[in-house]
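Next come the chains, spelled out residue by residue.
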Amino acid sequence: MQIIDRQKVNEQIRDLKKKYGDDRSALMPILQDLQEIYEYLPDVVMQETAHSLGIHPVEVEGVASFYSFLRTKEKQGKYVIRLCRTISCDLAGKSNVARQLENEMGIKFGETTKDGKFTLEYTNCLGMCDRGPALMINDRLFAKVDPEKASQIIADCRRDFLKSDFPKVVPSDVKKAGPILDHDLKPAEAIKKALSMSRSEIINTIRESGLKGRGGAGFPTAVKWQLAGAAKGKNKYVVCNADEGEPGTFKDRMLLYEHTDFLLDGMTIGAYAIGASKGFIYLRGEYLYMKKYLEEALENRRSEHLLGKNILGKDGFNFDIRIRMGAGAYVCGEETALIESLEGYRGEPRNRPPFPVDTGFQGNPTIVNNVETFIDSALIIVKGSEWFNIHGTEKSKGMKIFSISGDCERPGIYEFPFGIKVSELLKEVGGEDTKAVQIGGASGHCISQKDFNRTIAFEDIGSGGSIIVFGPDTDMLQVARNFLEFFVEESCGQCTPCRDGNPKLLGGIEMLENGRCSFTYLNELKKLCETIQNASKCGLGQSSPNAFLSIVDNFKPEILGRVPEAD
Amino acid sequence: MAKILIVDDDEDFVSAVNLLLKSNGFDVAIANSRQEGMEIFDKDNPDLVLLDVMMDEPDDGFVMAQSLKKKAKNIPILMLTNVGQVTGMDFDKDSEMVPVDDFEQKPIMPNILLEKINQLLGK
């Protein structure tokens, strides 16, 4: 057992507090850095962290045990291998890679090799759905892994000579760019324009554009900014939700890399509009490899007076952005859970009201917007509301960026107007023989051919950008199982219907697979879905039965074919 | 006779205030939404506006106040809302985002409302 010098731990914590602050919100980054040092979080480390921040050690353990990327029980291996188990990687042959990895190392998933070299884990969506199967080793990503490549990667680790598939950035796979992805705007142009406008003029321009949140919920961006701007409070915050965890979504990965300046412009404009002086990018743990790149981008902007005090010479406009890393919790994509995580708590969604626009980060007015929303905002300020709202439908204005993966000829990132028909989209991506399409990720809806004439828009089938295409040979029950396993794993456990209901649904899938699910029980499960939707307090719980319900409803012959005669 | 425009989507509140104001000698115009309120404002040129916050959109009152102050800077606006009780949100007047002349929480006692109105009308 490793002997840990308590005094040394305290010195390390003291240094980390200088870097991250000495209030509770510093807890997560401190724990993440301490885990880097000790390869897990031993009791003594958590105890000293607790004492140092003036909280109970149980609170620290409660936080550490919530996040899948924080390890409290045992030392992790030198190489932590996380294989993506999302449906897109599943369709691309994840199972064979998993078997190969287990054979190579002689361990099962969730275990560490005796020599302490490897830890093998599953993870949910690495944001590489167009290049699956994907795996992550520490902070390095590997795409299109097959058993042979997996074997080579393990051999490289054994020689301590691991080369990344992507030494710097993951190249983008933009298959179709439109006005959002392909424009002539220069960085900071939007900030210059915004600083010549009043705060209400900025918000009104966004309002006239009809921009709604691109994360999936579709709340009007201008309303959020207006309410936060009007709310009382000296300290206001701008938070970029870069916790892109919805299975099948990888567009933010590209936007964070290739449109960084426009994202930061959008955040800065948001800060000016609501009167905020501090901002955070909450970056998902799986995108750790981007942290350095983003920190460099922030540093460059500080040197160009685009962040910091009196931005671009505007007296009294001070704003800076810090990056906070998530730690493998999908639920933190929900804005109140994200704020809890930023504050150093378990990422459990809050009751609403109060709303973040008034009572957000540390009780202060806060806007939380998606990466794409901030980018759209920056472009709208320069190009005007009409430039944006001539695209889309009456209730869903503008262009939308989609991550398209699965059984199609041309997976990748596409920019389409809202209101596009599913059939048109499938034609573009080369999915003409498609059996089903999952729109909106695991929390979205799975539609069959009869619905391919429906449109993707907030008023029809909404989507935060994830589109997963299923070919004619896909077993839809396997799809439902994959999504339910995801929700069982990712439920934060606060609401009983979500915590206990989703395992029941998963149990139902197993019964269906084995031909042991009666019609009566299937109907009971559908009623349970309604309860989960109605009685869960956050979007995760409310949307968790969507895939199950839509697959059961839309693929009845396939599902019911496995049900025994009615009882 | 001073003319007061009430912009509020709460019909019970509107009818009670309408009765109160009329019985105290005011001329009253009523709108139940921001859009209707702007139309009546342009047509009727009221002397004072009683304005709710949350109507069709949660920020309609703020948006309307900003538009009104651009059109007619000197028209007094009294914002009346129970947004604090319903949502826990805490707002107050400010020259840029909530450009109103006074900000009061609902429910409000009739005598206080009349006092505020008279104050804003300079009576």
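Bear in mind the structure is a predicted one, so any value in this text is a computation, not a measurement.

Cut-off values and rules
Residues numbered from 1 in each chain as written. Chains lettered and ligands numbered in written order. Predicted model: local features only at pLDDT ≥ 70, side-chain atom pairs only at ≥ 80, totals over all residues. Heavy atoms only, no water. Helix = DSSP H or I, 4+ residues; strand = E, 2+ residues; numbered from the N terminus. Rg over C-alpha atoms; globule rule 2.2 N^0.38 Å. Buried < 20%, exposed > 50% of the residue type's maximum accessible area, 1.4 Å probe, protein only. Contact = heavy atoms within 4.5 Å. Lys, Arg positive; Asp, Glu negative; His and termini not counted. Charge placed at Lys NZ, Arg CZ, Asp CG, Glu CD. Pairing = 2+ DSSP bridges. Axes fitted to C-alpha atoms, helices over the stretch in contact; angles between N-to-C directions. Disulfide = S-S within 2.5 Å. Buried area = accessible area lost by both parts, 1.4 Å probe. Salt bridge = Lys/Arg side-chain N within 4 Å of Asp/Glu carboxyl O. Polar contact = N/O pair within 3.5 Å; in protein donor to acceptor, adjacent residues only side chain to side chain. Nonpolar A, V, L, I, M, F, W, Y, C, P; charged D, E, K, R; others polar. Parallel < 35°, antiparallel > 145°, perpendicular 65-115°, else oblique.

> Help me understand the overall build of chain B, please; the structure alone is not making it clear to me.
Within chain B, the regular secondary structure consists of five helices and five strands. The N-to-C order of helical and strand elements in chain B reads β-α-β-α-β-α-β-α-β-α. What you see for chain B is a C-alpha radius of gyration of 13 Å, in line with the 14 Å of a compact globule of 123 residues. Principal axes of the C-alpha set define a box for chain B whose edges measure 35 × 30 × 25 Å. Counting across all 123 residues of chain B, residues that qualify as buried make up 53%. Summarising the internal contacts of chain B: among those between residues at least 6 apart in sequence, 67% fall at separations of at least 24. Each charge class in chain B was averaged separately, 12 positive and 24 negative side chains, and the resulting centres sit 7 Å apart.

> Can you help me understand the sheet that holds strand E3 (residues 135-137) of chain A in this one?
The strands that make up a sheet pair up through hydrogen bonds in the backbone, lying either parallel or antiparallel. All names here are of chain A. Taken in spatial order, the four strands make up an open sheet running E2-E1-E3-E4, and their pairing is mixed. The open sheet has two free edges, formed respectively by strand E2 (118-123) and strand E4 (140-142), since each of these has just one partner strand. Each adjacent strand pair in this sheet contributes to an overall mean axis angle of 20 degrees, direction not counted. Here three bridges tie strand E1 (residues 79-84) to E3, and the two strands are oriented antiparallel to one another. Each bridged residue has a counterpart across the sheet, and for Arg 82 the counterpart in E3 is Met 136. Here helix H7 (residues 147-158) sits on the sheet in contact with E1, E2, E3 and E4, set at roughly 140 degrees to E2.

> Looking at this model, I keep getting lost on the state of the cysteines. Mind explaining?
Any covalent bond linking the sulfur atoms of two cysteines counts as a disulfide. All told, the structure shown has zero disulfides over all chains when counted by the stated rule. Cysteine Cys 89 of chain A is unpaired, with the sulfur of Cys 84 of chain A as its nearest cysteine sulfur at 3.7 Å.

> Mind showing me how you'd approach the interface of chain A and chain B here?
Interface size is commonly expressed as the accessible area that is lost once the parts come together. Facing 23 residues of chain A, the contacting portion of chain B comprises 19 residues. Between chain A and chain B, roughly 1,700 Å² of surface is buried when both sides are summed, and carbon and sulfur atoms account for 60% of that area. The tally of links from chain A across to chain B stands at one salt bridge. Close ionic contact of Arg 207 of chain A with Asp 59 of chain B constitutes a salt bridge, the shortest N to O distance being 2.9 Å. Where chain A touches chain B, the interface holds six residue pairs in polar contact (both at pLDDT 80 or more). When residues of the side of chain A that touches chain B are traced back to their parent elements, those giving at least two are helix H9 (199-209) and helix H10 (221-230) of chain A. Along the lines of polarity and charge, the residues of the side of chain A that touches chain B split into 13 nonpolar, five polar and five charged.

> Please explain the packing of helix H2 (residues 27-38) of chain A against helix H4 (residues 57-66) of chain A as it appears in this structure.
Helices that pack against each other are described as a pair by the angle of their axes relative to one another and the distance between those axes. All names here are of chain A. One way to put it is that H2 packs onto H4 with a least axis distance of 11 Å and a crossing angle of 70 degrees. By the angle class used here, H2 and H4 are roughly perpendicular. Between H2 and H4, the residues in contact are Leu 27, Met 28 and Leu 31 and Val 60, Val 63 and Ala 64, respectively.

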